[in-house]
Structures are given as structure tokens and as C-alpha cells.
Amino acid sequence: MPETLEPTPVEAVIIGAGPVGLFQIFELGLLGINAHIIDSLALPGGQCTELYPDKPIYDIPALPICGAQELIDRLIEQAKPFHATFHLGQEVTELQPLPNGKILVATSSGTRLSAGAVVIAAGVGSFQPRRLVVPGIEEFEGRSVHYRVKTAAEFYGRDLVICGGGDSALDWTVALCGKARSLTLVHRRAEFRAAPATVSRMRELVAAGKMQLLEGNAAAVHSERHADGTAKLTGVVVQAHNGETTYQVAADQVLAFFGLHPKLGPVAEWGLELEKKALKVDTEKFQTSVPGIFAIGDINHYPGKKKLILSGFHEAALAAFAIQHHLFPEKRQFLQYTTTSPIMQKRLGVAGTETH
Ligand SMILES: Cc1cc2nc3c(=O)[nH]c(=O)nc-3n(C[C@H](O)[C@H](O)[C@H](O)COP(=O)(O)OP(=O)(O)OC[C@H]3O[C@@H](n4cnc5c(N)ncnc54)[C@H](O)[C@@H]3O)c2cc1C
């Protein structure tokens, strides 16, 4: 029988390196608690990095406008003094309270940690975009068919088809119109779910002849096969709802925004109490039904929960205090300000750097 590796003892483990998990490093660090952070994606940033890196966010306190990737970069910078250990590209598959009061955290890559406390900041779980259902589409996914924009410039000068009727589809239609060589928006019905102002702007662009709008579904793709066997996308066939009319649209790039398909994944299998497909927590400690396991950000649920980044930041601050008490119950807790606390300033590496 293969020998099971002894788990490495650590103070706290954060599952999920989205904006809220990253801020948890900082809040724990201020209280002198070191964290390991794990994410199944290759890069930190969660939804901000994966789904809308180029979009501006307007509701982060004191930052009137902040790009989603910029927010992540700032959170990483802010957490730097606390030297968290990042385990990226690894899915947490096992979470198990141990007889000694610690919690075993095990990943798909074989990392095994025994944690004093665990914070689950797993967002919408391992989220998957809803895919375009068209025969043979797999061959083009990631090359010519995309479910998110990583770099807007990739679509400049291209024949672009955008599918969908929500905010992402409409925002990118307006942003890329005039930059793509041609742009066609395909939506299954006449009504849109996106912000009315963006829909109006799109209709103005159509009226000005700068793009076209088709009501229907992408039903097939056209392609050319090269000598080396690879296929190049050349067009999309759009079928109207009457089933008779079809439109042939030249396209070498397709963006499909049909929303996310939230998949709780392993989080649902850890025996923690769930409510509304999220982890039930209290609003004092943000602790789950298992002592020592906390949940913050989009993954949790409590009365009045709002899935906003700033709500997650507040939850991270309170969870940090609860974790400090869980790890060191004998220690008296004080609320200290970073402005005036010498110990916090020492932890931040800014002691003795007052400006006057
Ligand atoms: C298009 C769009 C625009 C938005 N705009 C705003 C806005 O303007 N303002 C605002 O406040 N909010 C906005 N949001 C919502 C905001 O992005 C989320 O509230 C926020 O990302 C939640 O952060 P989180 O850290 O809880 O989770 P996430 O960002 O979802 O990160 C969770 C991380 O956990 C990882 N993970 C999950 N399960 C596991 C596992 N088993 N093992 C390892 N890793 C795991 C995932 O890979 C992911 O990286 C927007 C969302 C979208 C989609």
C-alpha cells in the first residue's frame, strides 16, 4: 500500500484566489496569521481575471474607476508583506476535519496541508461558460470561438460575430464596433437583458450602418481546411426563428456570451450545510456549519447577502478576527488601526516610515 504523505502543518488555508480570497491574506496578515492560498486556475484573480479583466469597476470604495485586472494587481501588491504561499493550478478536492482539531486540505496535485483554520473563498465554484451549441465547434474553441475577452486587440481588424443579449455581449459589441473589420450581433430574440443605455447605443450603431444585428441562433459554421490539417473559421450560419430564413455571415472570430454555468464542484461534497447552492454562514464570524471552516465572498449565503466584491472584503475582515480567536482562544482581541498600531505597521513593513 502506498504511504500517505504527512500533511504540512500551516496556520490558515484560503481556498480560492479571487478578489475576496486575496484580501483575506491581507486581513489575516494584519493579525499576524500566515496563509496558504490555493486556486484551480493558473493565475490569481477569480472572475475579475477570468471573465472581465479589461472592464472598469465603479463600486470599489475610494477607487472611482478601477480595471478588474488592475484591482487584482493592487490586491496582490497590498498582500505582499504577508508572504502567503500560492498553490496555483490545483483544485482542492478534499476537506476533512482531523481528530486533532486541524483540517486536512488536499489538492488534485497532491498538496496536503493540515490547517488550523480554512477559509473557503471559492466564488461560484469552478465556473464554466455556457458553450455555443453548433456541430464541430470544439475544433475552433480557444482559437476562433471564445467565451471571454482576454485581450480586446485580438479582435481588431477581424470579421467578428458576437452572440448573446446580456451586458457582456452588448458592452463588447459597443466597445469593438469600429475596431473590428465587420461586426454582427446575433441574439435569439428582440429584447435584450443588457443595460438600456448600451442597447440604445448598439441600435444607433446599427442605424448608422456600422454593424448589423440579426435575430436568431448561430446554427453552423463554415471553415476552410489548410494543407496541414488545421481548419480556419470563415463564417457563421444564423438561423431565424421561423426556421426558413438563414443568414450567411463572414466571420473569422466569434465571441459567445451566454452566461456562466455555476458548478459548485467539490465544495458541495465536503459535508458543509448549503443554502441556495451556497455555504450557509453566520454574519458574526462567517463560519460554516463546521467549526474552523469559514466561507466568504460569492460562495456564502446569509440573510441579505449581496454578491459584491465590497461585501466580500467586509466578510474577510470579520472572518480574520474569528480565525484569530479560533487559533488563539486565550489571546485578548483588540481593534487596532493601521494608522497608529506599531505592531501592524511592523507586519506591513512600514514601521518608522511616517511622513511627518
Ligand atoms: C461581468 C462581471 C462584472 C462584474 N462587475 C462587478 C462590479 O462592478 N462590482 C462588484 O462588486 N462585483 C462585480 N462582479 C462580481 C464579482 O466579480 C464577484 O462578486 C467576485 O469576483 C467574487 O469574488 P470571490 O473571490 O468571492 O470569487 P471568485 O472571483 O469567483 O473567485 C473564486 C476562485 O475560487 C477558485 N475555486 C473554486 N473552487 C475551487 C476549488 N475547489 N479549488 C481551488 N480553487 C477553487 C476559482 O477558480 C476562482 O478563481 C462582476 C461579475 C461579472 C461576471
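The structure reproduced in this document is the subject of the present report. (Residues numbered from 1 in each chain as written. Predicted model: local features only at pLDDT ≥ 70, side-chain atom pairs only at ≥ 80, totals over all residues. Heavy atoms only, no water.)

## Considering the overall build of the chain
Here is step 1 of the chain: Within the chain one finds 7 helices and 22 strands.
Here is step 2 of the chain: Dimensions along the principal axes, computed over C-alpha positions, put the chain at roughly 75 × 65 × 40 Å.
Here is step 3 of the chain: Classification of the 356 residues of the chain by burial places 48% in the buried group.
Here is step 4 of the chain: At a minimum sequence separation of 6, the contacts of the chain that also span at least 24 residues come to 58%.
Here is step 5 of the chain: Carbon and sulfur atoms form 55% of the exposed surface of the chain, whose accessible area is close to 18200 Å².
Here is step 6 of the chain: A gap of 3 Å separates the mean positions of the 33 positive and 36 negative side-chain charges of the chain. (Helix = DSSP H or I, 4+ residues; strand = E, 2+ residues; numbered from the N terminus. Buried < 20%, exposed > 50% of the residue type's maximum accessible area, 1.4 Å probe, protein only. Contact = heavy atoms within 4.5 Å. Areas by Shrake-Rupley, 256 points an atom, 1.4 Å probe, with all protein chains shown as cover. Lys, Arg positive; Asp, Glu negative; His and termini not counted. Charge placed at Lys NZ, Arg CZ, Asp CG, Glu CD.)

## A few points about the environment of Gly312
Here is step 1 of the chain: Secondary-structure assignment places Gly312 in helix H6 (residues 309–327).
Here is step 2 of the chain: When residues no more than four places from it in sequence are discounted, the contact partners of Gly312 are Val20 and Gly297.

## Structural notes on the site of the ligand
Here is step 1 of the chain: Close contacts around the ligand come from 30 residues, with Asp39, Gln47, Tyr52, Val92 and Ile309 the closest.
Here is step 2 of the chain: Asp39 places a polar side-chain atom, nitrogen or oxygen, 2.7 Å from an oxygen atom of the ligand.
Here is step 3 of the chain: Contact distances for the ligand include 2.9 Å between a nitrogen atom and a side-chain N or O atom of Asp59.
Here is step 4 of the chain: Starting from 1000 Å² of accessible surface for the ligand in isolation, the protein chains cover 87%.
Here is step 5 of the chain: When residues of the shell around the ligand are traced back to their parent elements, those giving at least two are helix H1 (19–30), strand S2 (35–39) and helix H2 (46–51).
Here is step 6 of the chain: In terms of residue class, the shell around the ligand is made up of 15 nonpolar, 10 polar and 5 charged. (Near = heavy atom within 4 Å. Polar contact = N/O pair within 3.5 Å; in protein donor to acceptor, adjacent residues only side chain to side chain. Nonpolar A, V, L, I, M, F, W, Y, C, P; charged D, E, K, R; others polar.)

## Some remarks on helix H3 (residues 68–79)
In an α-helix, one turn spans 3.6 residues; hence positions three or four apart end up facing the same way.
Here is step 1 of the chain: Between its terminal C-alpha atoms H3 stretches 17 Å, which fits the 16 Å expected from 12 residues at 1.5 Å a residue.
Here is step 2 of the chain: Within the span of H3, buried status applies to Ala68, Leu71, Ile72, Leu75 and Ala79. Down the axis, H3 shows its buried residues gathered within 100° of arc, on one side only.
Here is step 3 of the chain: Considering only its buried residues, H3 is in contact with H1, H2, strand S3 (56–57), strand S4 (66–67) and H6. (Expected span 1.5 Å × (residues − 1). Arc of directions from axis to C-beta.)

## Quick word on the pairing of strand S6 (residues 92–97)
Here is step 1 of the chain: Where S6 lies against strand S7 (residues 103–107), 5 bridges are found, and the strand directions are antiparallel. Within S7, the position partnered with Pro97 by the bridge is Ile103.
Here is step 2 of the chain: In this antiparallel pair of consecutive strands, S6 and S7, the connection spans 5 residues, and Gly101 shows a positive phi of 90°. (Pairing = 2+ DSSP bridges.)

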